[in-house]
Amino acid sequence: MITFAQLSDTHLDGGQRAGERARRVMRHLDGLPLDAVLVTGDIADHGAPAEYEEAREVLRSPHPVLTCPGNHDRREPFRKALLGEERSGAPVDRVHEVGGAVFAMCDSSVPGEDHGFLADDTLEWLDGVLGERREAPAFVCFHHPPVTLGVPYVDGIRLFGAERLAAVLDRHPQVVAVLCGHAHTAAATTFAGRPLLVAPGVVSTIRLPGQDGPIADYEAPPGVAFHTLDDERRLTTHYRAVTGGSSTSA
């Protein structure tokens, strides 16, 4: 059995508010028995090098921290500060093996755009990663949800070309679930016959259609998803708000 946390959309910008909320979540996770912490994109708000230096400090954890970029991230400083690699504009795709499970952290960002798309190189890489590890349960993780969630603002900048990903997943039955962020709201649906689980936002929560107020709720506490995969490969997910601390604007 493995248990891991998933957070998303910290949007660190050097300001007090975003930094405090992300630190609050990480402090909460530090004290829990977790096998890993996933951060599914939009780690920085503007993709500035200083924001990734902040992220490197804020996301420090006793648990393995697995990351992938979002539409607010920039590949070059992301790669240099968070991965300790040379700057490159190529997709940031990484595979990790934790607790007997495979985590394919894919780059769904499109430089200069808000919508998502998995490049041919990324899909080829993913197909190879899954093909080499057929016996282990696998999670495919990236930023943009590949389906509509009923939130028009988010749906307009979702992952496009999702049928190409579905074709890859169809070849690999060991994939347990697809894990995403981007929507700033906890959500659960299906994609390619598997659970599609969307982490809530750390920096803010998107209001659903019909709810009063501006589209982004900055007063709601940051949220996190907890995923547990048992020995029968049954996945259970719990969503929790992380309360306490100040959320005042910088």
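## Thoughts on the overall build of the protein
Part 1: Looking only at helices and strands, the protein has six helices and 15 strands in total.
Part 2: A globule of 250 residues ought to have a C-alpha radius of gyration of about 18 Å, and the protein, at 17 Å, matches this closely.
Part 3: Here the C-alpha coordinates of the protein stretch approximately 45 × 40 × 40 Å along the principal axes.
Part 4: A burial count over the protein gives 53% of its 250 residues as buried.
Part 5: In the protein, of all internal contacts separated by at least 6 residues, the share reaching a separation of at least 24 is 67%.
Part 6: Surface exposure of the protein reaches about 10,500 Å², of which carbon and sulfur atoms provide 50%.
Part 7: Side chains of the protein carry 23 positive and 35 negative charges; the gap between the two charge centres is 2 Å.

## Here's the deal with the state of the cysteines
Part 1: Applying the stated rule across the entire model yields zero disulfides.
Part 2: Considering cysteine sulfurs only, Cys-141 is the nearest to Cys-68, which forms no disulfide, with 6.9 Å between them.
Part 3: Of the cysteine sulfurs around Cys-106, a residue in no disulfide, the closest is that of Cys-141, at 7.4 Å.

## Digging into the pairing of strand β5 (residues 101–105)
Side-chain positions along a regular strand alternate between the two faces of the sheet.
Part 1: Summarising burial for β5: five of the five residues are buried, a large majority.
Part 2: Side-chain alternation along β5 places Ala-101, Phe-103 and Met-105 on one buried face and Val-102 and Ala-104 on a second face that is also buried.
Part 3: As judged from the five bridges shared by strand β4 (residues 94–98) and β5, these two strands associate in the antiparallel manner. Counted as the bridge partner of Arg-94 is Met-105 from β5.

Definitions and limits used
One numbering rule holds for all chains: residues counted from 1, following each sequence as written. Reporting in this predicted model follows two pLDDT cut-offs: at least 70 for local features of residues, and 80 or more for side-chain atom pairs to be given and counted; totals over whole chains, interfaces and linings ignore these cut-offs and use all residues. With hydrogens and water excluded, all non-hydrogen atoms of the structure serve as input to the side-chain values. Elements are defined by DSSP. Helices are runs of H or I of four residues or more, strands are runs of E of two residues or more, and each kind is numbered from the N terminus. Throughout, the radius of gyration refers to the C-alpha atoms, and the reference size of a globule is 2.2 Å times the residue count to the power 0.38. Remark: exposure states derive from per-residue accessible area (1.4 Å probe, protein chains only) relative to the maximum for the residue type, with buried under 20%, exposed over 50%, and partly exposed in between. Note on contacts: a residue pair is in contact if any heavy atoms of the two residues lie within 4.5 Å. Accessibility throughout is a Shrake-Rupley quantity obtained with a 1.4 Å probe, and a residue counts as covered only by protein chains that appear here. For the purpose of charge, His is not counted, nor are the chain termini; Lys and Arg are scored as positive and Asp and Glu as negative. Charge placement uses NZ in Lys and CZ in Arg. For Asp and Glu, CG and CD serve respectively. Only a pair of cysteine sulfur atoms within 2.5 Å qualifies as a disulfide here. Only strands joined by at least two bridges in the DSSP assignment are considered to pair.

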